[in-house]
Structures are given as C-alpha cells and as structure tokens.
Amino acid sequence: MTQETLAEAPYLDVAAPTFSIRSQAVLDAREASWYARTNYGIAVLRYDDVMKLLRHPKLRQGSYRWPELSDVHGGLFARWWGAMLLSQEGETHSRLRRMANPAFSPKLITELRPKFQALANKLIDGFAAKGECDFIAEFTEPYATGVICDLLGLPFETWRELADIAAEMGLALGVTFKQDLATVEAATARLLKYAEDLVALKRANPSDDFVGMLVQANADKSQLSDQELLDMIVLAIFGGIDTTRNQLGLAMATFIEHPEQWALLAEQPDLARAAVEEVMRVRPTVTWVTREATEDFTYNDLPIKAGTTIHLFSQSATSDPAVFPEPGFDITAERKPHFGFGGGAHHCLGHFIARGDMTEALKLLAQRLKNPRFNGEVKWLADSGNTGAITLPIAFDPA
Amino acid sequence: MKVDVDMSICLLHGQCVIAAPEVFSFDDDGGLVWVAEVDEAQRADVEAAADACPEQAILLG
Ligand code: HEM
Ligand code: HEM
Ligand code: SF4
C-alpha cells in the first residue's frame, strides 16, 4: 500500500464529543479497511489485526507521555505516572511485573471469593426492598471500591473516601487536567500516604495477602524499591476501581436489553463466568487501548513511522461479524477471546480479581433482582476511550 | 519437572516469558518456545509463570 492509499483510508474524528465507537461510521470504516486515520494517528478496527498488534514488538504502551502532552511537568502525579507499571517497557516493566505477580495470583482469589459474595449481598440488602436503585451509586461503585478495600485489608467503611480520592486523581485523565492540577496533586499525595501506612502495617505484621505479598517482594530492594512498592499499590487502587465500576454497569445495561439472558443466568448460576466474558466482548468498558510505534516499520503494507499513535479498537474488533458470525448477546455461545483486558505484555494484571469479583456479583444479582428494567434517564460517559454509565436508575422485582 | 503449554488456548501474551525468561521465549516468527524438561532449581520460576499466565495454559508435570 502506498502513502496515497493511506490518505484514502476512512477518517474518524475520535475527539468529537459525539464520536461513538459503536457508530455506523466505525462499522463502515471496518468494512472498508483494517484501519482508519484519526486525529491522533491511526485506529485499528479488525479482530486479527488488533490481536497481532497487541503483541507487536515494535509497539509500546501509548499513554506514557500524557502529563507532558497536557502541559504538566513534574509534580507527584506526573512522577507516579511515568514510573508506574503501565508506562514502563522492556526490562523495567518485566521486573516490576515479576515482582507484582504473586500479589495478583489466581490462588489468592479463592480466598477472596466468600468476601466478594458477602459484599455483594450486603449491598443488595441495602436496596432490595425498595425494588429500585441507582445501580452505579448503590452497587457498582461501592462494590468495585469495596473489593479493593478487601484486597488491601481495609475496612469496608473506607470505601467512600477511597472512591473520592480515586475520582479526584482521575481528573488527571480529563482534558481539564492542567486546571485541576492542585486537586490531582492533593489526591495523589493522600493515596501515596494511604499506601505508606498500609506498608508500615504489613511490615509490622507480615502476612500472605495482597499488600503482604508486595512487601515480601520489596524485601530485596534491588528488585522492588520502596517507591516502586508504593507506586504499585497506588496503581492497583487507581486502575481497579473505575474499570470494575464501569464494566459491571455495562453488564447490567446489556442484560436489561436481553431479559431472556438474565433469566437464564438466574436459572444457571454457573453461566456467570461466561457471562462476564460475553459482556466484555460486546460492551467492554475499555473500548480501545493505545500504543506508540518505537521505530519505523511496515504492517499490512502500511508504513508506520516511529512515534505514531495506534488506537487498537477492542470494541470494534470483537463485534466484527467476520469473526463472530453469530451476532447478538448469548452467554452460552462459544466465542473467540475478547480484548477487554488488553493483551500482550501489558495484559491486565488485575484480571483474575476482576473476573472473580464480577462473576460473584452477577451470580447473586441475577438470583435476587428479577426483571431488571431502566427506571429513568441513564447518564453515560462518552462512548469511546473508557466508557460506562455514571448513573443507572433501575427497577426490579425483588426475589 | 516437565513443562508443557496447551497451544490451543495460549494467546501469546508472553507473560511466561516475563516470569521465566530462561524457560520460555519467542522465536523470530513470534512463536512460543519452551524448555520441556527443567531441573528443580527452576521450579519456582516455572510455577510463577504458570500462575501468571492469563489463559492458564501452562501445564506442569
Ligand atoms: C473490569 C475491570 C478491569 C478492566 C476492564 C481492566 C482492563 C485493563 C486493560 C485493558 C489493561 C491494559 C491497558 C493497556 O494495555 O494499555 C489493564 C492493565 C492493568 N490493570 Fe486492569 N482492568 C480491570 C481491573 C483491574 C483491577 C481490579 C486491577 C487491580 C487490582 C487492575 C490492574 C491493572 C494493572 C496494574 C494494569 C497494568 C499492567 C501492565 O502494564 O503490565 N485492573 N487493565
Ligand atoms: C489499569 C487499567 C487502565 C486501563 C485499562 C486504561 C485504559 C485506558 C484507555 C482505554 C484509554 C483511552 C485510550 C487512550 O487514549 O489511551 C485510556 C486513556 C487514558 N488513561 Fe488509562 N487505563 C488504565 C489505567 C490508567 C491509569 C491508572 C491512569 C492514571 C491516572 C490512566 C490514565 C489515562 C490517561 C491519561 C489517558 C488519556 C486520556 C485521553 O486521551 O483522553 N489510565 N486509558
Ligand atoms: S503467558 Fe500463557 S498465554 Fe501467554 S504466551 Fe505464555 S503460555 Fe501463552
């Protein structure tokens, strides 16, 4: 392919407030071409290409320069951002990932499962009798944050404070980052202090739980320094809350649109695990991941220059009829894997936790909330980047 | 101990290569290769790799 055809590839204005990853424009672009041009580099639209490029050795994770691109230089947030796992590549990334792995082991999930169930039941108890709730404010947000509290060994009552700090720190991801800098810095300082206190506690009382495992990894400082230990805890808090909150909200919205699937899940709770996968295929909260070319290379005859930003459109890829010929939402279908947790070297480190907690939540919700339906206006985040509902009023028949 | 990978579920994330680089690696074509028989000294690393594999595709015997 020549530069001429590059200019002819479809164009998607991904920065437009009305842009939707599920729009006809994206479907048409995917039909016409494996990639589209965008405001920032290219977007990859099809399953096989997203699969390959997630693992491409000439690509690195693409948001590492975010603070600098937002004209924020220095400060606690920018330092943390540049140093944490997601922004690192090569040997440093590998070393941090090796050190963190034991804390994220699937073995720890078995012990957490009863805690997830107790948390879900407690939250449902809080609103079940009413027959209605805001599913985000009354379930997914306290649940996602409560899971992190369980993980960190903090009492559930801490959840509101933790959620607020994470939300304030999250302002860093918005277009108003620079204006919000003072709030972001204060929140980052508080979260780092939280992490410090937890570490001090675990050093005094060694244990085999999440923070305990990270503290053990930190025993050899040449492998995991004190600062890296704190940065990892902050990343788990920051990267684990909004993602889980949004993904569970998207699950409920999807099931409301497919009531027969919800009834099926209530009848067959063992389908909950598969339900999580099917939801993440059709409505992933992380609709795309970003990569950046580290050197010039050619892919599918397209020359890609070093520094090019590449959006891998997970949502578009896993709704591709060429690969998923049976359309629709079916929790009993055998499907190819989705990209809701990314893939390759940066594959979500928290996926065993997220899969475990969402499975338990869906299982209990389907048992206890019959015939869920929309009950007022749903407020949505933009249908691009990291998406989900901000408020999701629902009504249901308590079981 | 014996090491095997179920290539029907492996998605080539390379988390095993990160966890145990002396046992797992990618060849020039991006295919996964591994040492099929490792000695006791490598047990901890290989177990860490099996634990970390997102698809749980690594079989130890
Ligand atoms: C439904 C919930 C979740 C979703 C959809 C999700 C999704 C993702 C995705 C797509 C990535 C890759 C980003 C990229 O490649 O640019 C990622 C990375 C990551 N996630 Fe998650 N995540 C979830 C929950 C969690 C939880 C609960 C934790 C921690 C407790 C967590 C910790 C991380 C970390 C540390 C990384 C960085 C890994 C690396 O760079 O090597 N995530 N996640
Ligand atoms: C751990 C799980 C995380 C996942 C799955 C995730 C995923 C994503 C995705 C899909 C996007 C939109 C595409 C892009 O421009 O890169 C994004 C953007 C971004 N994320 Fe994350 N992210 C995670 C954690 C974080 C964390 C911990 C931060 C730190 C504060 C962060 C900061 C950003 C920033 C600054 C952007 C760019 C926003 C924009 O372009 O509008 N992400 N992330
Ligand atoms: S970590 Fe698992 S899925 Fe990834 S390459 Fe290794 S064996 Fe395959």
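Residues numbered from 1 in each chain as written. Chains lettered and ligands numbered in written order. Predicted model: local features only at pLDDT ≥ 70, side-chain atom pairs only at ≥ 80, totals over all residues. Heavy atoms only, no water.

Within an unreviewed UniProt entry, the label attached to chain B reads Ferredoxin, and the organism entered is Paenirhodobacter hankyongi. Its UniProt record gives chain B a comment under Function (unreviewed entry), which states: "Ferredoxins are iron-sulfur proteins that transfer electrons in a wide variety of metabolic reactions." (UniProt positions renumbered as here; feature names shortened; annotations may be inferred.)

In the nomenclature of an unreviewed UniProt entry, chain A is known as Cytochrome P450 of Paenirhodobacter hankyongi.

A. Representation of the overall build of chain A in the model. Of the regular secondary structure elements, chain A holds 16 helices and 13 strands. Expected size for 399 residues packed as a compact globule is a radius of gyration near 21 Å; at 21 Å, chain A falls within 12% of this value. In terms of overall dimensions, chain A has C-alpha extents of about 60 × 55 × 40 Å along its principal axes. Residues counted as buried form 55% of the 399 residues belonging to chain A. Considering only residue pairs separated by 6 or more positions, chain A has 71% of its internal contacts joining residues 24 or more positions apart. Surface summary for chain A: the accessible area is close to 16700 Å², and the carbon and sulfur share equals 54%. Charge centroids of chain A, computed over 39 positive and 52 negative side chains, lie 3 Å from each other. (Helix = DSSP H or I, 4+ residues; strand = E, 2+ residues; numbered from the N terminus. Rg over C-alpha atoms; globule rule 2.2 N^0.38 Å. Buried < 20%, exposed > 50% of the residue type's maximum accessible area, 1.4 Å probe, protein only. Contact = heavy atoms within 4.5 Å. Areas by Shrake-Rupley, 256 points an atom, 1.4 Å probe, with all protein chains shown as cover. Lys, Arg positive; Asp, Glu negative; His and termini not counted. Charge placed at Lys NZ, Arg CZ, Asp CG, Glu CD.)

B. The site of ligand 2, seen in detail. Residues and elements named next belong to chain A. Near ligand 2 lie 15 residues; those nearest to it are Trp66, Trp81, Leu173, Trp288 and Thr290. Within the side chain of serine 63, one N or O atom sits 3.3 Å away from an oxygen atom of ligand 2. Where the shell around ligand 2 is concerned, the elements lending two or more residues are α5 (76-83) and α12 (226-257). Its residues assigned to classes, the shell around ligand 2 shows 10 nonpolar, five polar and no charged. (Near = heavy atom within 4 Å. Polar contact = N/O pair within 3.5 Å; in protein donor to acceptor, adjacent residues only side chain to side chain. Nonpolar A, V, L, I, M, F, W, Y, C, P; charged D, E, K, R; others polar.)

C. View of the packing of aromatic side chains. All names here are of chain A. Here the structure, examined in full by the defined rule, presents 18 aromatic pairs over all chains. Ring geometry for phenylalanine 77 versus tryptophan 80: centroids 5.7 Å apart, planes at 55°, classification tilted. Residue phenylalanine 77 and its partner tryptophan 80 are located together in helix α5, separated by three residues, close to a single helical turn. Taking relative accessible area as the criterion, tryptophan 80 reaches 0% and is therefore assigned buried. Following the ring pairs from residue to residue traces out a cluster consisting of Phe77, Trp80, Trp81, Phe177 and Phe238. Lying across the ring of tyrosine 64, arginine 60 places its NZ or CZ 3.4 Å from the centre. Lying across the ring of phenylalanine 324, arginine 281 places its NZ or CZ 4.8 Å from the centre. (Phe/Tyr/Trp six-rings, centres within 6.5 Å; stacked < 30°, edge-to-face > 60°. Lys NZ or Arg CZ within 6 Å of the ring centre and 35° of its normal.)

D. Quick look at the confidence of the model for chain B. Across chain B, the average pLDDT comes to 96, with 100% of residues at or above 70. In the predicted assembly, ipTM is 0.96 and pTM is 0.93. (pLDDT = per-residue confidence, 0-100.)

E. A look at the side chain of glutamate 278 of chain A. Of note, glutamate 278 of chain A is situated in helix α14 (residues 272-282). Taking the relative accessible area as the measure of exposure, glutamate 278 of chain A reaches 3% and is therefore buried.

F. Layout of unusual backbone geometry. Residue and element names in this part refer to chain A. In the Ramachandran plot, aspartate 71 falls in the positive-phi region, its phi being about 65° despite a non-glycine side chain. Note on placement: aspartate 71 falls in the loop between α4 (66-69) and α5. Residue asparagine 371 is not a glycine yet carries a positive backbone phi of 50°. Structurally, asparagine 371 is set in strand β10 (residues 369-374).

G. Focus on the sheet that holds β10 of chain A. Residue and element names in this part refer to chain A. Spatially, three strands are ordered β5-β13-β10 in an open sheet, and the strand pairing comes out antiparallel. Two strands close off the open sheet at either side, each with one partner strand: β5 (132-134) and β10. Averaged over neighbouring strand pairs, the angle between their axes works out to 30° when direction is ignored. Summarising the sheet, β5 and strand β13 (residues 393-398) pair through three bridges and their orientation is antiparallel. Across the sheet, residue cysteine 133 finds its bridge partner in β13, namely isoleucine 394. Packing against the sheet, α12 makes contact with β10 and β13, and its axis sits at approximately 95° to β10. Against the sheet, helix α16 (residues 351-368) engages β10 and β13, with an angle of about 95° to β10. (Pairing = 2+ DSSP bridges. Axes fitted to C-alpha atoms, helices over the stretch in contact; angles between N-to-C directions.)

H. Structural detail: the coordination of the iron atom of ligand 1. With respect to protein ligation, the iron atom of ligand 1 binds only Cys348 of chain A (SG), at 2.3 Å. Structurally, cysteine 348 of chain A can be placed in the loop between α15 (314-317) and α16. (Donors = N, O, S within 2.8 Å, 3.2 Å for Na, K, Ca; no water.)

I. Region of interest: the sheet that holds strand β6 (residues 289-293) of chain A. All names here are of chain A. Across the sheet, six strands lie side by side as β1-β2-β3-β9-β6-β4; this open sheet has mixed pairing. Every other strand in the sheet has two partners, leaving β1 (11-12) and β4 (59-61) as the edge strands with one partner each. Pairing of β1 with strand β2 (residues 35-38) involves two bridges; the strand directions are parallel. Within β2, the residue paired with leucine 12 across the bridge is threonine 38.

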